[in-house]
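Residue-level structure breakdown
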Amino acid sequence: MAQVSALDLGGEKQLLQFFHEPVRLHLLYKVPHRGFKISDLISKFDQEGRFVVIVYLESGTMKGGYMSKRPGFYCQEDRGAFVFEIDHQKANVFPVVKHHNSIIFNREKIGFGGWLNIYSNKDNTLCVDVGFDDTYTPTDWSDEFEVSFMVVELHRIQSVGDVLLNPWRELSWTEKERGSLRKNLVSFKPACQSLNQIRVLLMGPPGSGKSSFINSVRSVMFGRVLLLPFIGTATKGFIKKLKSYDIRSERGGKPTALTLCDVLALGDGETTDLTVRDALAVINGHAPNRHKFQSESPIKAETSGYRPVPSVNDQIHCAVFVLNACQVMTTSDDLTETLRTLQAEISDLDIPQVVLLTHVDQVCHAVQEDVKFVYSSRILQEKMQKPAEVVGLPVSYVLPVKNYSSELSVSCNTDILLLSAVHHILQAVDDTFEDY
């Protein structure tokens, strides 16, 4: 079973601020206060790398030390070492002053000068001493021997390259946040009382992830990844009809206020792809559900099921352009023209528009490892400009998402990113229709 660090998000953020470049923590070993000895901890150090040792005191304070290189045995000079103290009120770092003997590392002890020493006592029980000397920047730490502690953790420090220390958008990555976003979707009621459902139309080129987004949102609500037949990788797209999908609170549960609508893919031309004329017919509510798109037969009054006077509940209430982060940089001029024409026409209808940028995990290694880095990724921050430019909307209207594709089970952080995008879409509709 994977070990879970006792370090909460606030403490992690404070600790990471002690480093001059973006890094992340990788837990190597977690030692409870009883039943382990110093040799257990020492054996977990990798042969190379940088390391942080954290001691969680029973007082609620964390004290620890950083090694900028893997220590050899006995005393070692480490010019990058520091010790630190973090509690709910403050976070202090104390850089090394006297580099010689700044790290003590042998079979019996791990030490940071006279400040923090971890060792086994005569009963072969792990112990912690706290104090201070002139090895590190002076502080008011007092000498305490065999301090009461709960856990000792060893972390490897890993560079994250293009991950920024401060995210360019804020989002909480907790189970509580996932539950809150899901609850908000289930309980959402449109501000415009005449709206029974919020109908959201997804439009994009083949492979953009329109259908996968629908499948992923439904997977979030059901708590498991759904395997549905309309998901695929065909170069011309799988969807040929207008299809509407009610998003339910759970399998067999009541529909939420959200309906996601899928259509034929947009393309470089209008011979076999969704035309601007047909897209606008769908948005205005003229096209019946399950209408099959045919390039030689555009939607018109003679079309079977055509609604000549659609109600507000037949219409689309938000247009979502779906673009693939792996392909957006090479969007053709023809597709760009189609997207901008649609954007201009939809703007005249006073319907809110957003952009979903999919496959974000495939353009940044850090995000591929964990989607919680999506708003800290320098690469993605730069890529957000292109979809905004292609469609003709501000960057603030671009929402990055990761669809479920290869996974067989849902994950908290992916759910949060998907639900956050849904939340922004619903808010955009409410903001637009509030005065109706």
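What counts, and at which threshold
What you see as residue numbers is a count from 1 along each chain, following the sequence as written. A pLDDT threshold of at least 70 governs which residues receive local features in this predicted model, and a stricter bar of 80 or more applies before side-chain atom pairs are shown or counted, although totals over entire chains, interfaces and linings include all residues. Side-chain measures were taken over the full set of non-hydrogen atoms in the model, leaving aside hydrogen atoms and water. UniProt positions are given in the numbering used here, feature names are shortened, and annotations may be inferred rather than shown by experiment. Helix numbers and strand numbers start at the N terminus; a helix is a DSSP run of H or I with at least 4 residues, a strand a run of E with at least 2. Whether a residue is buried, partly exposed or exposed follows from its accessible area with a 1.4 Å probe, protein chains only, as a fraction of its type maximum: under 20%, in between, or over 50%, in that order. Working rule for contacts: check all heavy atoms of both residues, and any pair within 4.5 Å makes them a contact. Under the convention used here, a 1.4 Å probe and the Shrake-Rupley method define accessible areas, while residue burial counts only the protein chains that appear. The convention is simple: Lys and Arg are positive, Asp and Glu are negative, and His and the chain ends are not counted. To locate a charge, take NZ of a lysine, CZ of an arginine, CG of an aspartate or CD of a glutamate. For two strands to be treated as a pair, DSSP must find at least two bridges joining them. Angles shown run from 0 to 180 degrees and are taken between the N-to-C directions of axes, each axis being a line fitted to C-alpha atoms and, for helices, limited to the stretch in contact. Joining through side-chain atoms within 4.5 Å is the link that ties buried Ala, Val, Leu, Ile, Met, Phe, Trp, Tyr and Cys residues into a set, and such a set is a nonpolar core. Working definition: rings of Phe, Tyr and Trp (its six-membered ring) pair if their centres are within 6.5 Å, and the pair is stacked with planes under 30 degrees apart, edge-to-face with planes over 60 apart, and tilted otherwise. We call a charge positioned above a ring when the Lys NZ or Arg CZ atom is no farther than 6 Å from the ring centre and deviates by at most 35 degrees from the ring normal.

In the nomenclature of an unreviewed UniProt entry, the protein chain corresponds to TLDc domain-containing protein from the organism Oncorhynchus tshawytscha. On record in UniProt, under Sequence similarities (unreviewed entry), the comment for the protein chain is "Belongs to the IFI44 family."

Let's shift gears to the overall build of the protein chain. The helix and strand inventory of the protein chain stands at ten helices and 17 strands. Expressed as a percentage of its 436 residues, the buried residues of the protein chain come to 53%. In the protein chain, 67% of the contacts between residues at least 6 apart in sequence involve partners at least 24 apart. In the structure as shown, the protein chain presents an accessible area of about 20600 Å², 48% of it carried by carbon and sulfur atoms. Placing the 45 positive and 52 negative side-chain charges of the protein chain at their respective mean positions leaves the two points 6 Å apart.

On to the pairing of strand 1 (residues 23–32). Strand 1 sits mainly inside the fold: seven of its ten residues count as buried. Here nine bridges tie strand 1 to strand 11 (residues 149–159), and the two strands are oriented antiparallel to one another. Each bridged residue has a counterpart across the sheet, and for valine 31 the counterpart in strand 11 is valine 152.

All right, on to the sheet that holds strand 5 (residues 82–86) then. Taken in spatial order, the six strands make up an open sheet running 1-11-2-3-5-6, and their pairing is antiparallel. The sheet is open, and its two edges are formed by strand 1 and strand 6 (91–95), each paired on a single side. Here the strands of the sheet are splayed against their neighbours by 20° on average, with no regard to which way each runs. In this structure, strand 5 lies alongside strand 6, joined through five bridges in antiparallel fashion. The residue of strand 6 that forms the bridge with phenylalanine 82 is proline 95. Sheet contacts for helix 1 (residues 9–16): strand 1, strand 2 (50–57), strand 3 (62–67), strand 5 and strand 6; angle to strand 1, the most-contacted strand, approximately 120°.

Let's shift gears to the sheet that holds strand 14 (residues 255–262). Spatially, six strands are ordered 13-14-12-15-16-17 in an open sheet, and the strand pairing comes out mixed. The two strands at the open ends of the sheet, each matched to only one other strand, are strand 13 (243–248) and strand 17 (398–400). Taken pair by pair, the neighbouring strands of this sheet meet at an average axis angle of 30°, ignoring direction. In this fold helix 10 (residues 412–433) packs onto strand 12 (198–203), strand 14, strand 15 (318–324), strand 16 (353–358) and strand 17, with an angle of close to 160° to the strand it touches most, strand 17.

The next thing to look at is unusual backbone geometry. Phi is positive for arginine 290, which is not a glycine, with a value near 70°. Relative to the assigned elements, arginine 290 resides in the loop between helix 5 (276–283) and strand 15. On the basis of relative accessible area, arginine 290 is assigned to the partly exposed category, the value being 48%.

All right, on to the nonpolar core then. Grouped together as the largest cluster of nonpolar side chains are 87 residues, with contacts concentrated most on Val200, Met203, Phe213, Val320, Ile346 and Leu356. When neighbours within four sequence positions are excluded, valine 200 is seen to be in contact with Leu258, Thr259, Leu260, Cys261, Cys318, Val320 and Ile425. In this structure, Ala81, Phe112, Trp115 and Leu116 belong to the second largest nonpolar core, which totals 32 residues.

Attention now goes to the packing of aromatic side chains. For any pair of aromatic rings, geometry is given as the distance between the ring centres together with the angle between the planes. This structure, assessed with the given rule, holds 13 aromatic pairs. Between phenylalanine 45 and phenylalanine 105 the ring centres are 5.0 Å apart and the planes differ by 80°, which places this aromatic pair in the edge-to-face class. In this pair, phenylalanine 45 sits in the loop between helix 2 (38–42) and strand 2 while phenylalanine 105 sits in strand 7 (residues 103–106), placing the two residues 60 residues apart along the sequence. Just as phenylalanine 45 is buried, phenylalanine 105 falls in that class too. Where tryptophan 168 meets tyrosine 375, the ring centres are 5.1 Å apart and the plane angle is 85°; that geometry is what we call edge-to-face. Of the two residues, tryptophan 168 is situated in the loop between strand 11 and helix 3 (175–187) and tyrosine 375 in the loop between helix 7 (365–369) and helix 8 (378–383); the sequence distance between them amounts to 207 residues. A relative accessible area of 22% places tryptophan 168 in the partly exposed class. Here the aromatic cluster, defined as three or more aromatic residues joined through ring pairs, consists of Phe18, Phe19, Tyr66, Phe82 and Phe84. The ring of tryptophan 141 is capped by lysine 63, whose NZ or CZ atom sits 4.1 Å from the centre of that ring.

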